[in-house]
Amino acid sequence: MLDKAGIVDDSSQFTAMNVCADCFVALLKKKVPQLALANGLYRGEFPEYFRDLTWVEEKICAIYSTTAHVARLFQSSDPTQLWVFHGNVCVHEMNVVSTASVSPRTPADINGFLSIVFVGPGKFNPDQLGPMFRVRKNKIWAFLMWLKHHNHLYSDIRIKRENLELYPTDDIIPGLSERVIENHKLDVKRVFEEETAGFQEHPAELLVDGPHENDDGSVVTMLEKTGVSDPECDNISGQTFVAAAIKNLFSENSSLPDLVMH
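Let me sum up the structure you'll find in this document. (Residues numbered from 1 in each chain as written. Predicted model: local features only at pLDDT ≥ 70, side-chain atom pairs only at ≥ 80, totals over all residues. Heavy atoms only, no water.)

Side note on helix H4 (residues 137–150)
Note: α-helices contain 3.6 residues per turn, so residues at a spacing of three or four share the same orientation.
Next up, step 1: In this model, H4 (14 residues) spans 20 Å end to end at C-alpha, consistent with the 20 Å of a helix rising 1.5 Å per residue.
Next up, step 2: Among the residues making up H4, those that are buried are Lys137, Lys139, Ile140, Phe143, Leu144 and Leu147. Viewed along the axis of H4, the buried residues span an arc of 155°, placing them on a single side of the element. For H4, the exposed residues set more than 90 degrees away from the buried face come down to His149 and His150.
Next up, step 3: Here the buried face of H4 lies against helix H2 (55–61), strand E5 (102–103), strand E7 (134–135), strand E8 (158–159) and helix H5 (161–164). (Helix = DSSP H or I, 4+ residues; strand = E, 2+ residues; numbered from the N terminus. Expected span 1.5 Å × (residues − 1). Buried < 20%, exposed > 50% of the residue type's maximum accessible area, 1.4 Å probe, protein only. Arc of directions from axis to C-beta. Contact = heavy atoms within 4.5 Å.)

Okay, here's the thing in structure tokens:
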């Protein structure tokens, strides 16, 4: 089974394709490469309509929840740019698995897995989070209907319309402001530099001289999420995270990168 994205030329006489070094070595040994789609990793094509699902929307529809998410946001110390944020999100494995028998999960249920630590001189305003915790109830409902018809795990899950009505048409998840811990005393620049120290600058450093708004005028919130950098907070899908997780299951040394950039 081949991913069509890897095929360079496919004519009647020959087929040219891109193959990474690890897969090529496995094929020479007449073995199925560990990360080949044919190795039980093919889950079908995801409909185009759902490819912009936010990670919060996916969590709302998930049957099992095993992680808690802590976002640490640093406000710009520049008094003229107090609406510029950067930071990171840490995902912590919980010792209890939350299993849903009714879907979608309620906002109160989802907020139980979320926390925001806000560090900055100004007052925290949830409206300035941009798409980071965006939810759209029509998108959630359509995704649940699709899962009900295409995923056997959802065959016995009750879909409750009343839960859906607790979500906005297009806004941040309700009740999120109650999950915020504010700290106005710490030195934002010093703490951020200490927590993001490394060989390279944090992607948020691009904000110093670059644009601070998206094309639609929304605020840019620069975050590092579990080793995946998504400056616009709109390109990393749940499937990408799953693919990265699958890759990390293999302990063999590999020359493949462990950082995905969009």
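As for the packing of aromatic side chains
Next up, step 1: Across all of its chains, the model carries five aromatic pairs by this definition.
Next up, step 2: Here Tyr49 and Phe50 contribute two aromatic rings whose centre-to-centre distance is 5.2 Å and whose plane-to-plane angle is 70°, an arrangement assigned as edge-to-face.
Next up, step 3: Ring centres of Phe143 and Trp146 lie 6.3 Å apart, and the angle between their planes is 10°; this geometry places the pair in the stacked category. Here Phe143 and its partner Trp146 are both found in helix H4, three residues apart, which amounts to about one turn of the helix.
Next up, step 4: Counting every residue linked through ring pairs, the aromatic cluster contains Tyr49, Phe50, Phe143 and Trp146.
Next up, step 5: Between the NZ or CZ atom of Lys139 and the centre of the ring of Tyr49, over which it lies, the distance is 3.6 Å.
Next up, step 6: In this structure, Arg161 packs its charged tip against the face of Trp141, placed 4.4 Å from the ring centre. (Phe/Tyr/Trp six-rings, centres within 6.5 Å; stacked < 30°, edge-to-face > 60°. Lys NZ or Arg CZ within 6 Å of the ring centre and 35° of its normal.)

Digging into the nonpolar core
Next up, step 1: One finds Ile116, Leu129, Phe133, Ile140 and Ile173 to be the most contacted residues of the largest nonpolar core, which totals 30 residues.
Next up, step 2: Per element, the largest residue contribution to this core is four residues, and it comes from H4.
Next up, step 3: What Ile140 contacts, discounting residues up to four positions off in sequence, is Glu57, Ile60, Cys61, Pro104, Val135, Leu164 and Tyr167. (Core = buried A, V, L, I, M, F, W, Y, C linked by side-chain atoms within 4.5 Å.)

A look at the environment of Pro107
Next up, step 1: Within the element layout of this structure, Pro107 appears in helix H3 (residues 107–111).
Next up, step 2: What makes Pro107 buried here is its relative accessible area of 8%.
Next up, step 3: Remark: the alpha-carbon pair of Pro107 and Ile60, spanning 47 residues in sequence, is separated by 8.1 Å.

Describing a nonpolar patch on the surface
Next up, step 1: A grouping of Ile7, Met17, Val19, Phe24, Leu27 and Leu28 is seen on the molecular surface, where their side chains present a nonpolar patch of about 530 Å² in accessible area.
Next up, step 2: Looking at the nonpolar patch, the element that brings in the most residues is helix H1 (residues 21–28), giving three residues.
Next up, step 3: You can see Val19 is positioned in the loop between strand E2 (15–17) and H1.
Next up, step 4: Taking relative accessible area as the criterion, Val19 reaches 39% and is therefore assigned partly exposed. (Patch = residues over 30% accessible without salt bridge, like charges linked within 9 Å, V, L, I, M, F, W, Y side chains within 5 Å. Areas by Shrake-Rupley, 256 points an atom, 1.4 Å probe, with all protein chains shown as cover. Salt bridge = Lys/Arg side-chain N within 4 Å of Asp/Glu carboxyl O.)

Notes on the pairing of strand E6 (residues 114–119)
Next up, step 1: The buried count for E6 comes to five of six residues, which makes it a mostly enclosed element.
Next up, step 2: Judged from the six bridges that link them, strand E3 (residues 64–75) and E6 form a sheet pairing that is parallel. In the sheet register, Leu73 faces E6, and the bridge partner there is Phe118.
Next up, step 3: As defined by bridge partners, E6 adjoins strand E10 (residues 180–183) across four bridges and the pair is classed as parallel. The residue of E10 that forms the bridge with Val119 is Asn183. (Pairing = 2+ DSSP bridges.)

Some words on the side chain of Thr54
Next up, step 1: Residue placement: Thr54 occurs in the loop between H1 and H2.
Next up, step 2: If we ignore the near neighbours within four places in the chain, the residues touching Thr54 are Pro131, Arg134 and Arg136.

As for the pattern of salt bridges
Next up, step 1: One pass over the structure, following the stated rule, counts eight salt bridges.
Next up, step 2: Put simply, Asp52 and Lys139 hold a salt bridge, and the shortest N to O gap is 3.0 Å. Taken as a pair, Asp52 in the loop between H1 and H2 and Lys139 in helix H4 lie far apart in primary sequence, 87 residues in all.
Next up, step 3: For Lys139, a relative accessible area of 8% corresponds to the buried category.
Next up, step 4: One salt bridge connects Arg136 with Glu57, and the closest N-O pair in it is separated by 2.8 Å. Of this pair, Arg136 sits in the loop between E7 and H4 while Glu57 sits in helix H2, and the two are 79 residues apart along the sequence. The exposure classification of Arg136 matches that of Glu57, with both residues buried.

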